[in-house]
Amino acid sequence: MNLRATLHKESRTTTATTRLGTQGRLWGRIWAFLRGPYPTLVSRLLLGGMMLLAGLTKLGVPGAFADNINSYQMGLPPGVVQVMAVGLPPLEIGLGLWLLVGLFTRFAAAVSGVLMAIFTIAITQAWLRGLIISCGCVAGGEDTANPLGLAILRALGPVGDYLANEKAGPDAILRDIILLLMAVHLVLVPTVFALDDLRRRYAEQDQ
């Protein structure tokens, strides 16, 4: 009886060890894939495109954007809200363009990651408090977005409609977490097909 119990225990231990080893190899392969330069191209284009779209739709309509910020009810001083309403769209546009062309990629990704972390916290607290408000990540209303932004959203079809009407909730939180992980990815792993490559080559030639 003791021998049978011992063999059964050893079998279970071996099975568990094998399972852990298989999972470890799987995660190792996934990490090895993510460490390659080409997956960063996907992260760069998606994060950059989202930042650019967010900035373009909110540019030139600081009043509507300020109202959206105030709807989160975080008690921010009016001066801070005004600075955010005026300054954030151009910042998002600049970061988006840098990411899309691969210029100052790690810096742009780091700043974008910080913004995504702030956005995630803001949306999460609004959702937990039961506030039913527009996410405001992409301005899409006739009175809240500029004509260029509206035209881009309409050209995106169903995706544009979804982004324009997105509420502060789990979907927006998950999206921003994914974008935050993409930003971390770009900070940690060099990318390809980027202007940073040309910049480094010219810098090496000048030395």
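The rules behind each value
- Residues numbered from 1 in each chain as written.
- Predicted model: local features only at pLDDT ≥ 70, side-chain atom pairs only at ≥ 80, totals over all residues.
- Heavy atoms only, no water.
- Salt bridge = Lys/Arg side-chain N within 4 Å of Asp/Glu carboxyl O.
- Helix = DSSP H or I, 4+ residues; strand = E, 2+ residues; numbered from the N terminus.
- Buried < 20%, exposed > 50% of the residue type's maximum accessible area, 1.4 Å probe, protein only.
- Expected span 1.5 Å × (residues − 1).
- Axes fitted to C-alpha atoms, helices over the stretch in contact; angles between N-to-C directions.
- Parallel < 35°, antiparallel > 145°, perpendicular 65-115°, else oblique.
- Left-handed = near helix turned anticlockwise from the far one by under 90°.
- Contact = heavy atoms within 4.5 Å.
- Nonpolar A, V, L, I, M, F, W, Y, C, P; charged D, E, K, R; others polar.

1. What to know about the pattern of salt bridges
Okay, step 1: Under the counting rule described, the total for this entry stands at five salt bridges.
Okay, step 2: With its nearest N and O atoms 2.7 Å apart, the salt bridge here joins Asp197 to Arg200. Here Asp197 pairs with Arg200, and both are found in helix α9 (residues 195-206), just three residues apart, close to one helical turn.
Okay, step 3: Among the residues examined, Asp197 registers a relative accessible area of 22% and is labelled partly exposed.
Okay, step 4: Here Arg200 falls in the partly exposed class, since its relative accessible area comes to 43%.

2. Focus on helix α2 (residues 37-58)
Residue pairs spaced three or four apart in an α-helix point in one direction, given the helix's 3.6 residues per turn.
Okay, step 1: End to end, α2 covers 32 Å across 22 residues, agreeing with the expected 32 Å (1.5 Å per residue, within 8%).
Okay, step 2: Among the residues trailing α2, Gly60 stands out with phi positive, at a value near 85°.

3. Examining the packing of α2 against helix α5 (residues 105-128)
Okay, step 1: At their nearest, the axes of α2 and α5 sit 11 Å apart, and the two run at 60° to each other. Taken together, the axes of α2 and α5 are oblique relative to one another. At the point where α2 passes α5, the crossing takes the left-handed sense. Residue-level inspection shows Arg44, Leu47 and Met51 of α2 in contact with α5, the latter providing Thr105, Ser112, Leu115 and Met116.
Okay, step 2: Of the residues that constitute the contact of α2 with α5, the class distribution is four nonpolar, two polar and one charged.

4. Looking at the environment of Leu99
Okay, step 1: By the secondary structure assignment, Leu99 is in helix α4 (residues 78-101).
Okay, step 2: With 84 residues separating them in the primary sequence, Leu99 and Ala183 have C-alpha atoms 9.9 Å apart.
Okay, step 3: Setting aside its immediate chain neighbours within four residues, Leu99 contacts Arg44, Leu47, Gly48, Thr105, Ala108, Ala109, Ser112 and Leu186.

That is the geometry; function is a separate question.
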